[in-house]
Amino acid sequence: MTEQQSGFPRRDAEGRILTLGDLLGVSLAGLVIGVLAVALFDWAFTLIGSGDFGRANGWLAVILPAWLFWDDFRAWEFGAARVVAALVAGAVGLVAGLVVAGLAAGLAPLVSGGLGAAAFTLGYAVVWFHGVHWLARRTG
């Protein structure tokens, strides 16, 4: 397995992200950018009189991390390992996100959805990374 020398996150020759730290770092950076973008749009709509600030859906912040996860999914060769890992990671991430968003339901949708998106991102990244590597070793 050859490592690509440039860029972040670091990837191997097939384009797979090499470390959990890289996956978490880039996905959480994407989440922060997403939250800021949603807040900016929400603020702009508030300025034009289209509602109160904080009413945008914070779950939209998960777009960039999901794009990264899709890109890493595509880098793995076709097979059961990547599909099973993605399904389990998606279920874990979704449940974690919904639980956290539910616990924060009294807050503005921007905040509760953003917290849910953060829980989804963390849950998915950890389960996906360890799951796909473990399953790939087991299935050849």
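Basis of the calculations
Residues numbered from 1 in each chain as written. Predicted model: local features only at pLDDT ≥ 70, side-chain atom pairs only at ≥ 80, totals over all residues. Heavy atoms only, no water. Helix = DSSP H or I, 4+ residues; strand = E, 2+ residues; numbered from the N terminus. Polar contact = N/O pair within 3.5 Å; in protein donor to acceptor, adjacent residues only side chain to side chain. Contact = heavy atoms within 4.5 Å. Buried < 20%, exposed > 50% of the residue type's maximum accessible area, 1.4 Å probe, protein only. Core = buried A, V, L, I, M, F, W, Y, C linked by side-chain atoms within 4.5 Å. Phe/Tyr/Trp six-rings, centres within 6.5 Å; stacked < 30°, edge-to-face > 60°. Lys NZ or Arg CZ within 6 Å of the ring centre and 35° of its normal.

1. Thoughts on the side chain of Ser27
1) Next: For Ser27, the location among the structural elements is in helix α1 (residues 20-47).
2) Next: In this structure the side chain of Ser27 is engaged in a polar contact, spanning 2.8 Å, whose partner is the backbone oxygen of Leu23.
3) Next: With near-sequence residues (within four places) excluded, Ser27 lies in contact with Pro65, Leu68, Phe69, Thr121 and Ala125.

2. What to know about the environment of Gly93
1) Next: Structurally, Gly93 can be placed in helix α3 (residues 80-103).
2) Next: Overall, Gly93 belongs to the buried group, its relative accessible area being 0%.
3) Next: Here the alpha-carbon distance between Gly93 and Ala125, two residues 32 residues apart in the chain, equals 8.2 Å.
4) Next: In this view, Gly93 contacts Phe120, Gly123 and Tyr124; residues no more than four positions away in its chain are not counted.

3. Here's the deal with the nonpolar core
Here is a general trend for soluble globular proteins: nonpolar side chains tend to be buried in one another's company.
1) Next: Residues Leu23, Phe69, Tyr124 and Trp128 are the most contacted members of the largest nonpolar core, which totals 23 residues.
2) Next: Ranked by residues supplied to this core, first place goes to helix α4 (residues 109-139) with eight residues.
3) Next: In contact with Trp128, not counting residues within four places along its chain, are Leu23, Asp72, Phe73, Trp76, Arg82, Ala85, Ala86 and Ala89.

4. Quick word on the packing of aromatic side chains
Each aromatic ring pair is specified by the distance between its two centres and by the angle formed by the two planes.
1) Next: All told, the structure shown has five aromatic pairs when counted by the stated rule.
2) Next: Ring centres of Phe73 and Trp128 lie 6.0 Å apart, and the angle between their planes is 50 degrees; this geometry places the pair in the tilted category. Placement of Phe73 in helix α2 (residues 63-75) and of Trp128 in helix α4 is noted, with a sequence separation of 55 residues between them. The same class applies to Phe73 as to Trp128, namely buried.
3) Next: Aromatic ring contacts, followed pair by pair, group Phe69, Trp70, Phe73, Phe120, Tyr124 and Trp128 into a single cluster.
4) Next: Directly above the ring of Trp76 sits Arg16, whose terminal nitrogen or CZ lies 4.4 Å from the centroid.
5) Next: Here Arg82 stacks its cationic end above the ring of Phe73, 4.2 Å away from the centre of that ring.

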